[in-house]
Structure formats: structure tokens, C-alpha cells
Amino acid sequence: MRDEGINAGHRGDGRDNRTDPSTIQEQSTSIHVVLLDDHPLVMEGLKNRLEQEPGIHVLRTYAHPQSLLDEIGKLRADVIILDISLPQMDGFEVAGRLKKQFGQSIKIIMLSGYMYDEFVHKAFDLGVHAYLSKQSTYSQIINAVKQSMLGHVLIPEHALTAAKQEQLTPMEREVLKQVAQERTNKEIAQVLAISQRTVEYHLTSITQKLGVRSRIGAVAKGYELGLLTRMSSADESEFR
């Protein structure tokens, strides 16, 4: 089955017509999803793909935030997937109202064409379980639905990298930079004008924050997360 992105066009009437009695038991044990998006083709395409996934049932689709807010209390929704750009009110306001009313009993997945760090942070501050790009594949969205029901939070990779960068203090990042230059603790202490004991303290903190066991692991993780950049020979010579 071709796994297209959610912006791929699909046609449909936008209504849920499943009334076959044989589906009742299956629906009762499924993850109940509600969709909110003011782009009919996008929403219908996502609805159709979710309905093909065993264990997921789309209860309702909405194009207007207020309609969802007025009726959500009558539905037994587990997960709400909503767009950020909506008429009347944006997705942040909708998410905030839903969280205020239902807390963690309803999981929220936000879809957005804007992957700005401030948007991501705002979303998770509100308590959403996933913030996904509108370029995400259906498989990624389905995974987010299932993971949210397990209580997991899905953070975009770029935001996770930024969080790792923020975890290290300026001195820890400088120590890591010196370690990447293959300096010993004694040499690092001399360069940074601190004691060897302080260097050791920073190294312990760095390895703990980055989830590694050794100096080599810290350097490798530093490059992986963008905390370190490869320097040219000319750049390296300045430190020798």
C-alpha cells in the first residue's frame, strides 16, 4: 500500500457511514479518533487511511473548531488530531480548551506546516502528545496515535536537538569542545583556567546529560546533535 503524505488529495463526502453491526465490537476496543481540519480533501484522505488501520476508528471529522468544542463532550474520543491553522481560533487555543476540560483523558496530536521551535514548545507546554509536520506520512501519524495512547510524547528531532543544546551549560559546551580536540583534563584545565577537579565535574555532567559513558561517546554524541562542528586543519592549529 502506498503511504502518501497527508497533503495528497482524496475525495469523499466527509461523513462516517459505518453502521454494519459486525463492526460494533471492533469499534468498542479501537482507539477513537476525532479530526479537525478546514481542508476537506486533506481531512478525508487522513480519515480514509486511519480507517484502514486495524484498531483505529474515526468517530467524527470537523472543519470548524467551535463545532468540535460544542460536541466533543458527547463523544468518547481518545485522540484528537488537529491542524494549527483554523478558522475562528487557532489550534493552540483549541488544544488549551480541550486540555482544560479533559486533561490527559484525551490525547492531542497537532499537525502544522510551521516547525518553529516556539510553536513546538508552546504545543508541549499545553500538554499535546505529538507535534507533526503536515508533510508527515500516514504511517508517522498512525504511529503518533498509537504512541500517544501509551502515554508517550513525540518531539520533533530538531526540537530535541535544541533541548539537548540547552541542557549543556556554556562551560560544559566549551569543555566538550576541548575534549573533541583530544586534550587531556590537565590541558583543558590550563586552557580554560579552571582546576582539573572542575574539568572532571563538567565531564561527568556532560556524559550524564548526553546519555553516554565515555569521552569518546560524548564527542560522538556532540557531533550527532550538532553541539560540535568539524573544524578545518587551519582552525585546529589555532588551539595548538
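Check the entry above for the structure.
All chains use their own residue numbering, which begins from 1 and follows the written sequence. Given that this is a predicted model, residues contribute local features only at a pLDDT of at least 70 and side-chain atom pairs are listed and counted only at 80 or more, while totals for whole chains, interfaces and linings are drawn from all residues. Computation of side-chain values: all heavy atoms of the structure, hydrogens and water removed.

1. Remarks on the overall build of the chain
Starting at the N terminus, helices and strands are each numbered in turn, a helix being any DSSP run of H or I of at least four residues and a strand any DSSP run of E of at least two. Each helix and strand in the chain was counted, giving 12 helices and 5 strands. Counting over 240 residues, the chain shows a buried share of 43%. Of the contacts formed within the chain by residues at least 6 apart in sequence, a portion of 65% connects residues at least 24 apart. Note on exposure labels: buried denotes an accessible area under 20% of the residue type's maximum, exposed denotes more than 50%, and partly exposed covers the range between, all computed with a 1.4 Å probe on protein chains only. Here, two residues are considered to be in contact whenever any of their heavy atoms come within 4.5 Å of each other.

2. Quick notes on empty space enclosed by the protein
Grid points spaced at 1 Å over the protein atoms alone were grouped into cavities, where a 1.4 Å probe fits but cannot get out, and pockets, open sets with protein on both sides within 12 Å along at least five of seven lines, with lining residues defined by an atom within 4 Å of a point. Grid points are joined across faces, edges and corners, and a volume is the space filled by probe spheres set on the points. For the coordinates displayed, the defined rule picks out 1 cavity of 30 Å³ or more. One number sums up the size of the largest cavity: a volume of about 60 Å³. Lining the largest cavity are Leu35, Leu36, Asp37, Val42, Met43, Leu46, Ile81, Leu82, Asp83 and Leu111. Of all the secondary structure elements, the ones that give two or more residues to the lining of the largest cavity are strand S1 (31–36), helix H2 (40–51) and strand S3 (79–83). Classes in brief: Ala, Val, Leu, Ile, Met, Phe, Trp, Tyr, Cys and Pro nonpolar; Asp, Glu, Lys and Arg charged; the others, Gly included, polar. For the lining of the largest cavity, the class distribution of residues is 8 nonpolar, no polar and 2 charged.

3. Details of the pattern of salt bridges
For this document, the term salt bridge refers to a Lys or Arg side-chain nitrogen within 4 Å of an Asp or Glu carboxyl oxygen. According to the stated counting rule, one finds 8 salt bridges in the structure shown. Close ionic contact of Glu93 with Arg97 constitutes a salt bridge, the shortest N to O distance being 2.7 Å. Here Arg97 and Glu93 lie together in helix H4 (residues 91–102), a separation of 4 residues that amounts to about one turn. With relative accessibility at 35%, the residue Glu93 sits in the partly exposed group.

4. Some points on the sheet that holds strand S4 (residues 107–112)
At least two DSSP bridges between two strands are required for those strands to pair. Taken in spatial order, the 5 strands line up as S2-S1-S3-S4-S5 in an open sheet, and their pairing is parallel. The sheet is open, and its two edges are formed by strand S2 (56–62) and strand S5 (130–133), each paired on a single side. Strand-to-strand twist across the sheet, computed as the mean angle between neighbouring axes with direction ignored, equals 20 degrees. Judged from the 5 bridges that link them, S3 and S4 form a sheet pairing that is parallel. Directly across from Asp83, in S4, lies its bridge partner Leu111. Axes here mean lines fitted to C-alpha atoms, for a helix over just the part in contact, with angles spanning 0 to 180 degrees between N-to-C directions. With respect to the sheet, helix H5 (residues 117–126) is in contact with S4 and S5, its orientation differing from that of S5 by roughly 150 degrees. Against the sheet, helix H6 (residues 138–149) contacts S1, S2, S3, S4 and S5, and its axis sits at roughly 155 degrees relative to S4.

5. Describing the packing of helix H8 (residues 170–180) against helix H11 (residues 215–225)
The interhelical angle for the contact between H8 and H11, taken along N-to-C directions, is 110 degrees, at an axis separation of 10 Å. Between H8 and H11, the crossing angle belongs to the class labelled roughly perpendicular. Between H8 and H11, the residues in contact are Leu176, Val179 and Ala180 and Arg215, Ala218, Val219, Gly222 and Tyr223, respectively. Within the contact of H8 with H11, the residues separate by chemical class into 6 nonpolar, 1 polar and 1 charged. Angle categories: roughly parallel below 35 degrees, roughly antiparallel above 145, roughly perpendicular from 65 to 115, and oblique for all the rest.

6. A short note on the nonpolar core
Formed by 24 residues in total, the largest nonpolar core has its most connected members in Leu68, Leu98 and Met110. Per element, the largest residue contribution to this core is 4 residues, and it comes from H4. In this structure, Met110 is in contact with Leu82, Ile84, Gly91, Phe92, Ala123, Val128, Ala130, Tyr131 and Leu132, ignoring residues within four places of it in sequence. Ranked by size, the runner-up nonpolar core spans 20 residues in total, among them Leu46, Val79, Leu132 and Ala144. Throughout, nonpolar core names a set of buried Ala, Val, Leu, Ile, Met, Phe, Trp, Tyr and Cys residues whose side chains join them through atoms within 4.5 Å.

7. With respect to the environment of Ala220
With respect to the helices, strands and loops of the structure, Ala220 is situated in helix H11. A relative accessible area of 45% places Ala220 in the partly exposed class. In sequence terms Ala220 and Ala180 are 40 residues apart; their C-alpha atoms lie 8.8 Å from each other.

Taken by themselves, the reported measurements are silent on function.
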